[in-house]
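Residue-level listing of the chains:
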Amino acid sequence: MAEPLDLNQLRTFLAVHRAGSFTAAAHLLGVSQSTVTTQIRALETRLGRELFERRARGVAPLPHADELAGQVAAPLDRLSGVADGGRTPVAEPVHLAGPAEFLGAVGMRLLAPLIAEGVQLRVATGLTEQLLEELRAGRHDLVVSTRRPEDRGLVAEPFTDEEFVLVAAPVWAERLADGAAPVQEALAGVPAVAYDTDLPIIRRYWSYVFHDRAPAPDRLTTIPDLRGIRTAVLAGAGWTVLPKYLCRAELDSGMLRLLHHPDEAPLNTAFLVHRPGGSSNPHAALVRRSPLAAAKAWWADDEC
C-alpha cells in the first residue's frame, strides 16, 4: 500500500499554489525559501511529476497541481482549524492595492458595504508595475491593475472600463468655443496639465480620437496625481484629459466642460489581479467578487 503523503509537504505545496512563488510561500509559512524548494522537490519526486512551471517571476501551477490543490485545500484548512483548538478563525485583513485615484473615487464606494459588514482592508497605492511585483511576492491579496499583466502566473479578471474625457474650466471652454479651428489646433496656445511630461493619458486620447500624435504643449504643468490635475483644471489652470469617473460630478454641475464630443470615447480596461489558487482568507474572495458585480451597476449609472 502506498505511503500517505507528507502533511508538511502538502501545506507547503498549497502555500506555493496560492502565493504563486516560492519566495511568497516562504514568507507566508515563516520558513526559508530553501525549505520550500526542498519540500516541493520531495513532493514532486514522491508523485513522480512536476507540479509547477518555474518562471523568471514566480511559478505557474501545472494541471496536476490544480487538481491536487482542489483535493487538499479544504481538508488542510479544516485541519488548521482543529490545530487552533476548533475555534472559528477570524478572517485576516485583506490587502488590496491599486491606483490611489481609482481606489479613492470608486473602489472604496464599491467596497463600503463589505467594510460595514466587518471586512477589514489594508489598502496600498502605487504604480501598476510596482504593485504587480509586490503581488507576486505575496504582499497583496488583490491588485487593481491599469493593464492586463503579461505574466501568465497571475490571474487577471476584467474589472471595468474607464472612459477618458477632454476637459477644461468654463473660462477656457467658452474662449475656445468662439474659434473656428478644430479643438486640437485651438488648444495649442492653451496651458496643459498632465500626469508627467510623457503625456500618457493625453497621448491615448489623441491617438484614439484624432488618430494623431499628442501635441507638445507650449506651456505644460505636470502633477503626478490625477486628483491634483482635476483641482488645477477646476481653478482654471488649463486643459487636460481625465478619467470620467474622477470628474463626473464636476461635469454634471458645469464646473468642468467637455471640449470635445467624440463619436466613440477612448477606454482603458482595469483588471482585478490575484495569484493563482486565490487566498486562504475567505474575505479575500468576497473583496474580489463584490466589486466585479457592483462595478457593472455603478458604471451603468455613470452612463445614464
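Within every chain, residues take consecutive numbers counted from 1 along the sequence as written. Confidence filtering applies because this is a predicted model: local features only for residues at pLDDT of at least 70, side-chain atom pairs given and counted only at 80 or more, and all residues used for totals across whole chains, interfaces and linings. Here the side-chain values reflect all heavy atoms present in the structure, with hydrogen atoms and water set aside.

Trainee: Help me understand the overall build of the protein in this model?
Mentor: Across its full length, the protein carries 12 helices and 11 strands. Partly exposed residues are those whose accessible area sits between 20% and 50% of the maximum for their type, while under 20% is buried and over 50% is exposed, using a 1.4 Å probe and protein chains only. In the protein, which comprises 304 residues, the proportion classed as buried is 43%. Within the protein, counting contacts between residues at least 6 apart in sequence, those at least 24 apart form 74% of the total. Here, Shrake-Rupley sampling with a 1.4 Å probe gives the accessible areas, and only protein chains in the shown set may cover a residue. Put simply, the protein shows about 15800 Å² of open surface, and 52% of that area lies on carbon and sulfur atoms. By definition, any uninterrupted DSSP run of H or I lasting at least four residues is a helix, any uninterrupted run of E lasting at least two residues is a strand, and each is numbered from the N terminus. Every residue pair with non-hydrogen atoms within 4.5 Å of one another is taken to be in contact.

Trainee: Looking at this structure, I do not really get the pattern of salt bridges. What am I missing?
Mentor: Side chains that differ in sign of charge can pair as their charged atoms come close. Each reported salt bridge corresponds to a side-chain nitrogen of Lys or Arg within 4 Å of a carboxyl oxygen of Asp or Glu. Overall, the coordinates contain seven salt bridges when judged by the stated rule. Across the salt bridge formed by E44 and R54, the nearest N and O atoms sit 3.0 Å from each other. Of the two residues, E44 sits in helix 3 (residues 33-47) while R54 sits in strand 1 (residues 52-54), which places them 10 residues apart along the sequence. Between E133 and R136 there is a salt bridge, with its nearest N and O atoms 3.1 Å apart.

Trainee: I keep staring at the packing of aromatic side chains and nothing clicks. Help me out?
Mentor: Here the distance between the centres and the angle between the planes together describe a pair of aromatic rings. Only centres within 6.5 Å qualify two rings of Phe, Tyr or Trp (six-membered ring in Trp) as a pair; their planes then separate them into stacked at under 30 degrees, edge-to-face at over 60, and tilted for everything else. Taken as a whole and assessed by the stated rule, the structure comprises eight aromatic pairs. Measuring from ring centre to ring centre gives 6.0 Å for Y205 and F210, while their planes differ by 65°; the resulting arrangement is edge-to-face. Across this residue pair, the class does not change: Y205 and F210 are buried. Ring centres of W206 and F210 lie 4.9 Å apart, and the angle between their planes is 65°; on these two criteria the pair is classed as edge-to-face. You can see W206 and its partner F210 sitting in helix 9 (residues 200-210), four residues apart, about one turn around the helix. Among the aromatic side chains, those forming a connected cluster through ring pairs are Y205, W206, F210 and W239. Here, a charge over a ring is recorded when the distance from Lys NZ or Arg CZ to the ring centre is within 6 Å and its angle to the ring normal is within 35 degrees. The positively charged end of R175 is found above the aromatic ring belonging to W172, 4.3 Å away from the centroid.

Trainee: Looking at this structure, I do not really get the nonpolar core. What am I missing?
Mentor: One recurring pattern in soluble globular proteins is that nonpolar side chains are buried together. Ranked by size, the top nonpolar core spans 51 residues in total, and within it L166, L187, W239 and L259 carry the most contacts. Ignoring any residue separated from it by four or fewer positions in sequence, one finds L187 in contact with L166, L176, W206, W239 and L259. Counting 22 residues, the second-largest nonpolar core is a separate cluster that includes V16, A19, A25 and I40. In plain words, nonpolar cores are sets of buried Ala, Val, Leu, Ile, Met, Phe, Trp, Tyr and Cys residues tied together by side-chain atoms within 4.5 Å.

Trainee: Please clarify how helix 9 should be interpreted in this entry.
Mentor: Residues spaced three or four apart along an α-helix point in a common direction, a consequence of the helix completing one turn every 3.6 residues. Taken together, the buried positions of helix 9 are I201, I202, Y205, W206, V209 and F210. The buried side chains of helix 9 occupy one side of the element, clustering within an arc of 130° when seen end-on. Contact partners of the buried residues in helix 9: strand 6 (155-168), helix 8 (183-186), strand 7 (192-194), helix 10 (226-234) and strand 9 (239-243). With its phi angle positive at about 55°, H211 sits one or two positions after the end of helix 9. What the arc measures is the spread of directions leading from the helix axis to the C-beta atoms.

Trainee: Got a minute to help me understand a nonpolar patch on the surface in this structure?
Mentor: Any residue with relative accessible area above 30% and no salt bridge may belong to a patch, with like charges joined within 9 Å and the nonpolar Val, Leu, Ile, Met, Phe, Trp and Tyr side chains within 5 Å. Judged by side-chain polarity, L28, L29 and V31 come together as a nonpolar surface patch covering roughly 240 Å² of accessible area. Relative to the helices and strands, L28 is located in helix 2 (residues 22-29).

Trainee: What's the story with helix 2 in this structure? I'm lost.
Mentor: Of the residues making up helix 2, those classed as buried are F22, A24, A25 and A26. On its buried face, helix 2 sits against helix 1 (7-19), helix 3, strand 1, strand 2 (59-61) and helix 6 (128-136). Following helix 2 by one or two positions, G30 has its phi on the positive side, about 75°.

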